[in-house]
Amino acid sequence: MKTRSAHYVLVAEEEPLTIGVEIECYTILIREGKISRRVIIPDVNSSKTEERFTVDKSIGTEYVSRPFRSVREALQAISSGLVKYGDSSIGDKALPLPVGGWNDRFAGTHFHLGFKDKGLSREEAGSLASYIHDHIPFIIAVSANSPVWRRRITPYSSNRLLRGGGKYCIPVTRGGLNQNHYRELNFNPANKHKHSTLEIRVCDSNIPPYVCTVMTILRILALAWRNGKEPCNNLTHEAYLETRTEAARRGAAAKLYWKGNHVSVGEYLTLLLDNYSEEAGMLDIPKDVVEVFNLLEKNWNNAEALRSAAIKLRGKYGNDWERNMAFKLASALKTILNGGSLSEYHEALGLRTPHF
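Notes on the structure follow. Here the residue numbering is sequential within each chain, running from 1 through the sequence in written order. Restriction of local features to residues with pLDDT of at least 70 applies here, the model being predicted, together with a cutoff of 80 or more for giving and counting side-chain atom pairs; totals for whole chains, interfaces and linings are based on all residues. The basis for every side-chain value is the complete set of non-hydrogen atoms in the structure, without hydrogens or water.

### Considering the overall build of the protein chain
Moving on, step 1. Strands here mean DSSP runs of E at least two residues long; helices mean DSSP runs of H or I at least four residues long; both are numbered from the N terminus. When its secondary structure is counted, the protein chain shows 12 helices and 12 strands.
Moving on, step 2. Relative to the globule expectation of 21 Å for 356 residues, the C-alpha radius of gyration of the protein chain, 19 Å, shows essentially globular dimensions.
Moving on, step 3. If one aligns the C-alpha atoms of the protein chain with their principal axes, the spans along those axes are about 55 × 45 × 35 Å.
Moving on, step 4. The criterion used for residue contact is that any of the two residues' heavy atoms lie within 4.5 Å. Look at the contacts in the protein chain between residues 6 or more apart in sequence, and 74% of them connect residues 24 or more apart.
Moving on, step 5. On the protein chain, the mean spot of the 47 positive side-chain charges and the mean spot of the 39 negative ones are 7 Å from each other. Note that the radius of gyration is over C-alpha atoms, with the globule rule given as 2.2 Å times the number of residues to the power 0.38. His is not counted here, nor are the chain ends, while Lys and Arg score as positive and Asp and Glu score as negative. Just so you know, the charge point we use is NZ for Lys, CZ for Arg, CG for Asp and CD for Glu.

This is how it looks when you write it as structure tokens:
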């Protein structure tokens, strides 16, 4: 099967690109040591920060950011936004848990790309979607974060995509963008809160360093698209579907395709950054994102962290592993949301960060 080239439109080079996120979350009830879908809403005035704390009809708690032009700004704002859930009516008794799955519901991180002052036209969104499309398996591998499903530890990295992707993140062919809300890529029209955007729905809910790593990758690709660069990796649709499933199953340990050859996730990242070094050089990349890049080279993402911590606790506590995992997760989340490093986050989970 022949690959299809991306369709290009001319865009103004000086037009600022922005990315916003919606992060759906489970809830940790700290005192009970329970992971639930209880809705928590902060008792704060968010009008000045342009963020929203909403209720998602499926999972419950959802955080909606403002659009960002800077990844560093996004990392700080998303972390401080999630911390505000501690100001809910139940105070320090609960925390949002950004994870793609736990019992029988899915939680995702949805990214919205657009131009700051005018959003994206349908034609621009279609062109950008075609440019990003073949990198989606890589993005899935980076962001996979649902190794637990129905309260059982599984060998898979994104149960959310494997079990619910055919309904909530329906695969599209390159160039097949439409307005169907449940497509993995869709044209999201303007509403009272935002301009029209391109929405990417494949990512599991995740902690801020991983959310902002995906944001960094998307910004690099969007800048390269805006600069008129040729795509650096085209896949047949058969190869795309194959590696999409591989990424959901194996996460950071997946084997992906780069120009017809199998590469690791770390090798894919290196090739991407080498091809778009100019665009990557334009970004002020936070150290937390650099640390995620280093972890990806060791076949490690947050799904690996959660699975490793859960297996360790199951070995120690047996059937009571989940309650103890809730306590560990609460401690780890407080650490990372209050500015701690990924090494400190892993330590709070009872793990050692893989050596670089």
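### Let's talk about unusual backbone geometry
Moving on, step 1. Despite not being glycine, Glu 50 shows a phi value in the positive range, around 65°.
Moving on, step 2. Along the chain, the position of Glu 50 falls in the loop between β2 (34-36) and β3 (52-56).
Moving on, step 3. Positive phi, close to 50°, is recorded for Arg 150, a residue that is not glycine.
Moving on, step 4. Along the chain, the position of Arg 150 falls in the loop between β7 (148-149) and β8 (152-153).

### Some remarks on the nonpolar core
Moving on, step 1. Within this scheme, the nonpolar core is defined by two criteria: the residues are buried Ala, Val, Leu, Ile, Met, Phe, Trp, Tyr or Cys, and they are joined through side-chain atoms within 4.5 Å. For every residue, the accessible area obtained with a 1.4 Å probe (protein chains only) is divided by the maximum for its type, and the residue is called buried under 20%, exposed over 50%, and partly exposed between those limits. Residues Ile 78, Phe 111 and Leu 198 are the most contacted members of the largest nonpolar core, which totals 114 residues.
Moving on, step 2. Ranked by residues supplied to this core, first place goes to helix α5 (residues 208-226) with 13 residues.
Moving on, step 3. In this structure Phe 111 touches Ile 19, Gly 20, Val 21, Leu 198, Glu 199, Ile 200, Cys 203, Val 211, Val 214, Met 215 and Leu 218, once residues within four positions along its chain are discounted.

### Observations concerning helix α10 (residues 302-317)
Moving on, step 1. One less than the number of residues in a helix, times 1.5 Å, gives the span that helix is expected to have. If you check α10, its first and last C-alpha atoms are 22 Å apart, about what 16 residues at 1.5 Å a residue would give, namely 22 Å.
Moving on, step 2. Those residues of α10 not exposed but buried are Asn 302, Ala 303, Glu 304, Ala 305, Leu 306, Arg 307, Ala 309, Ala 310 and Leu 313.
Moving on, step 3. Under this definition, polar contacts are N or O atom pairs within 3.5 Å; protein pairs additionally need one hydrogen-donor-capable and one acceptor-capable atom, and for neighbouring residues in sequence, both atoms have to be side-chain atoms. Measuring from the backbone nitrogen of Ala 303 back to the side-chain oxygen at the start of α10 gives 3.1 Å, which picks out Asn 301 as the cap.
Moving on, step 4. Taken from the residues just after α10, Gly 318 is the one with a positive phi, measuring 65°.

### Quick notes on the pairing of strand β11 (residues 255-258)
Moving on, step 1. At least two DSSP bridges between two strands are needed for those strands to be called paired. Pairing analysis gives 4 bridges linking β11 to strand β12 (residues 261-264), with the strands arranged antiparallel. Paired with Lys 255 across the strands is Ser 264, a residue of β12.
Moving on, step 2. Connecting β11 to the next strand, β12, in antiparallel fashion are 2 residues, including Lys 259 with a positive phi near 50°.

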